[in-house]
Amino acid sequence: MIEAEWWEHDDAEAFAEAIAGDIGFIIESAIDARNAAVIALSGGSTPIKAYEKLAQMKYEWKKVTIFPVDDRLVKVDDPLSNVGMLARIFLPKGARVVPLGADNPDYKQAGNAADARLQDLHWPPDLVLLGVGADGHTASIFPGPDLDAALTAPKTRRAIGVMPDPLPPEAPVARVTMTRSAILSAKALVLCLTGDTKREIVEQAIEDGAGSKVPIGQVLAEAEQPIDIHWTA
């Protein structure tokens, strides 16, 4: 059974502050424990304000490594690039920002390269922060021919290349993504979402558990750790 705790926020400001506070607490705890923190953050528009608030906080940023949970296979200066967004926010603070993907026409090869990059990091990550799409995808674990590979990859595999089918119209490109096992290896798992539609998707996914028809449910059903879910309308 999925163990989830919902945190409901009155507005976007409170939502962003709470997410920033959660991430900051995990960073501080990891630095206190082993003098370093490794966190995986989602892209998309939902968490950006939280990241900007987080970047304003005074942490030992040089001890923090950040990488995207998933990325689009585009150039780093493309607006669709998740690592580009993270780099703009956190590199000026002194954090290490590790790219997951690159502008590579061979998405399978890009997935192998992403996995190799993650193999070089301290593991498991202290935090994985996920979002959810209106179709129920999370990270870049989409319906399509690569869904099963992302869900059933062995624990040693940390990232793969995927081609969503159909391609999302707002970002019609191939991706690299953390696998389900890599996501669930995290010491802390946080989900952030906005709007009633996404809330209904997640609530249904939690209720359905292992029988869920959508990727977010299929990922969370295997979670052994409790999940914090931040939501605002």
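See the structure above.
What you see is a predicted model, and the numbers here were worked out from it, not measured in a lab.

### Observations regarding the nonpolar core
Stage number 1. Counting residues in each nonpolar core, the largest one holds 45 residues, and the members touching the most others are Phe67, Val128, Met178, Ile183, Leu189 and Leu191.
Stage number 2. Ranked by the residues each element gives to this core, the list is headed by helix 4 (residues 107–119), at four residues.
Stage number 3. In contact with Val128, not counting residues within four places along its chain, are Ala40, Val69, Met178, Ile183, Ala186, Ala188, Leu189 and Val190.
Stage number 4. Counting residues in each nonpolar core, the second largest holds 33 residues, with Ile19, Ile23, Ile26 and Ala50 among its members.

### Some details on the environment of Trp7
Stage number 1. Tracing the chain through its elements places Trp7 in strand 1 (residues 4–9).
Stage number 2. For the pair Trp7 and Ile19, spaced twelve residues apart in sequence, the C-alpha to C-alpha distance is 9.9 Å.

### A word on the pattern of salt bridges
Stage number 1. Counting across every chain of the model gives ten salt bridges.
Stage number 2. In this structure, Asp146 engages Lys108 in a salt bridge whose closest nitrogen and oxygen atoms are separated by 3.0 Å. Residue Asp146 is found in the loop between strand 6 (127–130) and helix 5 (147–152), and its partner Lys108 is found in helix 4; the two are separated by 38 residues along the sequence.
Stage number 3. The exposure class of Lys108 is partly exposed, given its relative accessible area of 44%.
Stage number 4. Within the structure, one salt-bridge network assembled from shared partners comprises Glu13, Glu17, Lys49 and Lys53.

### Thoughts on the side chain of Ser212
Stage number 1. With respect to the helices and strands, the residue Ser212 is situated in the loop between helix 7 (196–208) and helix 8 (215–220).
Stage number 2. The residues touching Ser212, leaving out its near neighbours within four places in the chain, are Ala205, Gly217 and Gln218.

### Some remarks on the sheet that holds strand 7 (residues 159–162)
Stage number 1. Taken in spatial order, the three strands make up an open sheet running 4-8-7, and their pairing is antiparallel. Strand pairing shows two members of the sheet lacking a second neighbour, strand 4 (70–72) and strand 7, which therefore form its edges. Strand after strand, the sheet turns through a mean of 15° between neighbouring axes, direction not considered.
Stage number 2. Pairing analysis gives four bridges linking strand 7 to strand 8 (residues 175–178), with the strands arranged antiparallel. Bridge assignment links Val162 to a residue of strand 8, and that residue is Arg175.
Stage number 3. Across the face of the sheet, helix 4 comes into contact with strand 7 and strand 8 while running at roughly 160° to strand 7.

### Let's talk about the sheet that holds strand 1
Stage number 1. The strand order across the open sheet formed by seven strands is 1-10-9-6-2-3-5, and the pairing between neighbours is parallel. Looking at strand neighbours, the two that pair on one side only are strand 1 and strand 5 (96–97), the edges of this open sheet.
Stage number 2. Lying over the sheet, helix 3 (residues 82–90) contacts strand 2 (37–41), strand 3 (64–68) and strand 5, oriented at roughly 150° with respect to strand 3.
Stage number 3. Seen against the sheet, helix 7 touches strand 1, strand 9 (189–194) and strand 10 (227–232) and runs at an angle of roughly 165° to strand 1.

Here is what the cut-offs are and how they apply
Starting from 1, residues in each chain are numbered consecutively following that chain's sequence as written. The predicted nature of this model means local features are confined to residues of pLDDT at least 70 and side-chain atom pairs, given and counted, to a pLDDT of 80 or more, with totals for whole chains, interfaces and linings taken over all residues. As a rule here, side-chain values come from all non-hydrogen atoms in the structure, and water together with hydrogens is ignored. By convention a nonpolar core is built from buried Ala, Val, Leu, Ile, Met, Phe, Trp, Tyr and Cys residues, the set being connected through side-chain atoms within 4.5 Å. Note on classification: 1.4 Å probe, protein chains only; a residue is buried when its accessible area is under 20% of the maximum for its type, exposed when over 50%, partly exposed between these limits. Helix numbers and strand numbers start at the N terminus; a helix is a DSSP run of H or I with at least 4 residues, a strand a run of E with at least 2. Any two residues having at least one pair of non-hydrogen atoms within 4.5 Å are treated as being in contact. The salt bridge criterion pairs a side-chain nitrogen of Lys or Arg with a carboxyl oxygen of Asp or Glu, the two atoms within 4 Å. Here, any two strands with at least 2 DSSP bridges between them count as paired. Orientation is described by lines fitted to C-alpha atoms, with helices fitted over the stretch in contact, and by angles between N-to-C directions that extend from 0 to 180 degrees.

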